[in-house]
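Here is how the chains run, residue by residue.
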Amino acid sequence: MTTVPDAADLSTQRALADWLPGRLAAEAPSVLVIGDLMLDGWWNGTIERLCREAPAPVVDLQARHSVPGGAANTAMNLAALGARVSVAGIIGTDDAGADLRRQLVAAGIDVTHLHSHPDMVTTTKIRISSGGQVMLRLDDAARTVPAPALAALASSVRAAVERRDAVLVCDYGNGVLAGPVHEGLVQALAHPATGGSGPERPLVVVDSHDPRPWAALNPDLVTPNAQETARLLDLRLPDGQDRAETVSGHGPALLAATGAAAVVVTLDRDGTVLVRPDGGTHRTWARPAAEKQASGAGDTFVAALTLARSAGLPLTASLDLAQAAADVVVHQPGTSVCSTSQLGRYLAAFADTALGADELEQQLELHRSEGQRIVLTNGCFDVLHSGHTRYLNQAKQLGDILVVALNSDDSVTRLKGPGRPINPVADRAAVVAALSCVDYVTVFDTPTAEPLIRQLRPDVYAKGGDYSPEMLAETPAVEESGGRVAILDYVAERSTTAVVNRIRGGEGVAAVLPGPGD
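Residues numbered from 1 in each chain as written. Predicted model: local features only at pLDDT ≥ 70, side-chain atom pairs only at ≥ 80, totals over all residues. Heavy atoms only, no water.

For the rest of this paragraph, the subject is the packing of aromatic side chains. The final tally for this structure, using the stated rule, is 1 aromatic pair. Seen in terms of ring centroids, Phe 381 and Tyr 391 are 6.4 Å apart; in terms of plane orientation they differ by 20 degrees. Their pairing is stacked. Here Tyr 391 lies in helix α14 (residues 386-396) and Phe 381 lies in the loop between β16 (374-379) and α14, a separation of 10 residues in the sequence. Like Tyr 391, Phe 381 is buried. The ring of Trp 43 has Arg 64 sitting right over it, with the charged end atom 4.4 Å from the ring centre. The ring centre of Trp 285 lies 4.3 Å from the NZ or CZ of Arg 283, which sits over that ring. (Phe/Tyr/Trp six-rings, centres within 6.5 Å; stacked < 30°, edge-to-face > 60°. Helix = DSSP H or I, 4+ residues; strand = E, 2+ residues; numbered from the N terminus. Buried < 20%, exposed > 50% of the residue type's maximum accessible area, 1.4 Å probe, protein only. Lys NZ or Arg CZ within 6 Å of the ring centre and 35° of its normal.)

So, in structure tokens, the structure goes:
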């Protein structure tokens with residue numbers, strides 16, 4: 001496995017380029033997915049009448065198909081993104097089990113450690129829909145898992161985890177990971193001297209309805225959703241933006257309960273929030289589709305996150321990439337996967353996305369009419385790094401819509417001198433726009449952002465650095481339109497100039513995950 005630290009000088013500019021998914025796929029990390037494998041059925045038909053014996057709609061079926069679900073969907077996503085995938089779990093010898101095994105093998109997934117038992121029922125979830133609306137879901141699952149099947153899986157766990165770059169535990173509470181399997185997995189991944197953090201240990205990610213039983217693994221990442229997090233904290237999470245703030249405020253409790261090095265809480269339409277022991281947080285913002293018969297975006301998210309981390313991408317960049325992958329599948333019907341090519345095309349679509357000031361003004365008026373608050377910030381954003389992404393995350397949380405105004409290339413040269421910018425404005429705009437926290441990007445060429453502020457009239461003007469509002473030329477324009485100035489964190493060691501100097505001096509990890517032509 002390529003080992004890359006979370007270093008500021010591995011820029012997000014490199015991480016979110018459209019070639020990055022292909023570069024990660026070329027790393028082809030070996031990942032074991034162990035847990036509850038399921039089969040999802042999607043049955044579609046028309047409704048034109050009610051049945052006679054009850055006021056229930058009659059669905060005349062026109063199409064039915066099945067796809068891997070649960071842990072199997074996570075494995076399918078990993079394979080589609082370029083990982084070498086093996087699955088471990090228990091299914092039945094029924095028709096659903098045979099169908100599931102066949103589809104996994106067809107996707108190139110190793111099923112050596114996928115055990116079948118005649119007394120096991122393969123979990124199926126059949127969704128019946130009409131006109132794009134799911135009307136009913138039928139679940140069929142084993143009440144108990146046969147003891148011989150559990151013993152067989154437990155005996156193969158150590159061999160299954162050997163020589164893996166990552167192990168992804170998918171525990172949905174179906175009983176497959178209970179008892180001897182749980183104990184065997186903990187023993188196989190634990191390091192006697194360090195409690196599970198030995199140098200040869202793979203990346204360990206836990207996606208579980210209840211991560212607490214897996215605390216003994218000391219996982220690198222756990223990914224509970226909002227409901228699971230609420231149960232962990234024994235509280236009710238508020239709606240909207242306050243959910244992320246509440247989760248961040250309970251970071252120490254989440255880390256203690258899960259035994260994890262980091263916790264990523266998925267919040268559906270509100271994106272995700274990362275909490276770490278150092279108190280640092282990172283947000284992603286989803287770009288949701290209108291309600292559709294879509295399922296499995298969480299599986300895609302954890303698959304992309306695991307792939308990126310096991311290939312060596314820094315954690316915050318991995319989260320943004322995983323959010324992009326999840327955004328891809330929520331626009332697709334059914335239980336879907338995000339492939340390397342789809343993710344690359346999605347990131348490429350952010351090229352040439354900078355709006356002119358007049359068009360942007362019209363868009364912002366629509367947001368204002370819906371009561372949304374506009375945040376504007378500006379800068380060069382040349383060779384994006386973790387200081388930038390942290391700053392933009394903070395700016396987003398000051399309102400609802402974040403607009404980033406980029407200095408034109410000529411403007412950057414005037415400010416920074418010959419040799420800058422490193423990246424032309426089209427590239428800078430594409431990468432900044434791809435960040436989940438950014439809603440709009442525009443470009444300005446004036447000495448300050450004052451003319452743009454007077455036109456766009458933001459509610460909040462955010463600036464990062466060792467400034468006070470009185471020092472900024474833009475402050476009068478902001479206040480005249482009823483807005484306020486917010487000064488955000490200044491991180492000197494994360495400056496672009498420092499990054500460029502390190503790269504030119506041959507320091508840091510700039511050679512890791514090189515782009516085309518490097």
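This part covers the packing of helix α5 (residues 147-161) against helix α6 (residues 179-189). Contact geometry of α5 with α6 gives a least axis separation of 8 Å together with a crossing angle of 15 degrees. By the angle class used here, α5 and α6 are roughly parallel. Regarding α5 and α6, the two cross each other, and that crossing is right-handed. Contact with α5, carried on its side by Leu 150, Leu 153, Ala 154, Val 157, Arg 158 and Val 161, involves Pro 180, Val 181, Gly 184, Leu 185, Gln 187, Ala 188 and Leu 189 of α6 and no other residues of that element. (Axes fitted to C-alpha atoms, helices over the stretch in contact; angles between N-to-C directions. Parallel < 35°, antiparallel > 145°, perpendicular 65-115°, else oblique. Left-handed = near helix turned anticlockwise from the far one by under 90°. Contact = heavy atoms within 4.5 Å.)

Here the focus is the nonpolar core. One finds Val 33 and Leu 104 to be the most contacted residues of the largest nonpolar core, which totals 81 residues. If one sorts the elements of this core by residue count, helix α11 (residues 315-329) sits on top with 10 residues. Sequence-distant contacts of Leu 104, defined by excluding residues within four places in its chain, comprise Leu 37, Ala 72, Met 76, Val 87, Ile 109, Val 111 and Leu 114. Counting residues in each nonpolar core, the second largest holds 43 residues, with Leu 32, Leu 153, Val 157 and Val 181 among its members. (Core = buried A, V, L, I, M, F, W, Y, C linked by side-chain atoms within 4.5 Å.)

What follows covers the pairing of strand β17 (residues 401-407). Extensive coverage of β17 is indicated by the burial of 7 of its 7 residues. Side-chain alternation along β17 places Ile 401, Val 403, Ala 405 and Asn 407 on one buried face and Leu 402, Val 404 and Leu 406 on a second face that is also buried. When β16 meets β17, the two strands line up parallel, connected through 6 bridges. When the bridges of β17 are listed, Asn 378 appears paired with Ala 405. Viewed along the sheet, the connection from β16 through α14 into β17 turns out right-handed. Looking at chain direction, β17 and strand β18 (residues 440-444) are connected through 5 bridges and run parallel. In the sheet register, Val 404 faces β18, and the bridge partner there is Val 441. (Pairing = 2+ DSSP bridges. Right-handed = clockwise from strand over helix to strand, strands pointing away.)

Across all of its chains, the model carries 17 salt bridges by this definition. Two residues, Arg 102 and Asp 99, come together in a salt bridge whose shortest N-O distance is 2.7 Å. Of the two residues, Arg 102 and Asp 99 are both situated in helix α4 (residues 95-106); the distance of 3 residues between them amounts to about one turn of the helix. Judged by relative accessible area, which is 53%, Arg 102 ranks as exposed. With relative accessibility at 18%, the residue Asp 99 sits in the buried group. (Salt bridge = Lys/Arg side-chain N within 4 Å of Asp/Glu carboxyl O.)

Moving on, we get to the sheet that holds strand β20 (residues 484-488). Taken in spatial order, the 5 strands make up an open sheet running β18-β17-β16-β19-β20, and their pairing is parallel. Looking at strand neighbours, the two that pair on one side only are β18 and β20, the edges of this open sheet. Each neighbouring strand pair of the sheet contributes to a mean axis angle of 25 degrees, computed without reference to strand direction. Of the pairings in the sheet, the one linking β16 to strand β19 (residues 460-464) comprises 3 bridges and is parallel in character.

Our focus in this paragraph is the sheet that holds strand β2 (residues 37-50). Judged by pairing direction, the sheet is mixed, and its 4 strands sit side by side in the order β3-β2-β6-β7 without closing on themselves. Lying at the two open borders of the sheet, with one neighbouring strand each, are β3 (57-70) and β7 (133-140). Averaged over all adjacent pairs, the angle separating strand axes in this sheet is 20 degrees, with direction ignored. Across 13 bridges, the pairing between β2 and β3 is antiparallel. What sits directly across from Ile 47, in β3, is Val 59.

This next bit is on the side chain of Asn 378. Take Asn 378: it is sitting in strand β16. For Asn 378, a relative accessible area of 8% gives the class buried. At a separation of 2.4 Å, a polar atom in the side chain of Asn 378 contacts the side chain of Tyr 461. Beyond its immediate chain neighbours, meaning those up to four positions away, Asn 378 contacts Ala 405, Phe 444, Ala 449, Tyr 461, Ala 462 and Lys 463. (Polar contact = N/O pair within 3.5 Å; in protein donor to acceptor, adjacent residues only side chain to side chain.)

Our next topic: the packing of helix α7 (residues 226-233) against helix α9 (residues 251-258). Axis separation between α7 and α9 bottoms out at 10 Å; the angle between their running directions is 85 degrees. Classified by the angle their axes make, α7 and α9 are roughly perpendicular. Counted together, Thr 229, Leu 232 and Leu 233 of α7 and Ala 253, Leu 254, Ala 257 and Thr 258 of α9 form the full contact between these two elements.

With that settled, consider α9. Of all the positions in α9, only Gly 251, Leu 254, Leu 255 and Thr 258 are classed as buried. Each buried residue of α9 lies within a common arc of 95 degrees when the element is viewed along its axis, so the set occupies one face. Within α9, the exposed residues directed more than 90 degrees away from the buried face are Pro 252 and Ala 256. (Arc of directions from axis to C-beta.)

Residues Thr 272 and Leu 274 line one face of strand β12 (residues 272-275) and the alternating positions Val 273 and Val 275 line the opposite face, and both faces are buried. Across 4 bridges, the pairing between strand β11 (residues 263-266) and β12 is antiparallel. Pairing of Val 265 across the sheet is with Val 273, part of β12. Between the end of β11 and the start of β12, which pair antiparallel, lie 5 residues, with Asp 268 showing a positive phi angle near 55 degrees. Sheet topology places β12 next to strand β13 (residues 281-284); 4 bridges connect them, and they run antiparallel. Of the residues in β13, the one forming a bridge with Thr 272 is Thr 284.

Right, let's get into the environment of Arg 236. Its location among the elements puts Arg 236 in the loop between α7 and α8 (241-249). You can call Arg 236 exposed: its relative accessible area is 71%. In the structure, Arg 236 is positioned 10 residues away from Ala 226 in sequence and 9.5 Å away in space, judged by C-alpha atoms.

By themselves, these observations are geometric and do not establish any function.
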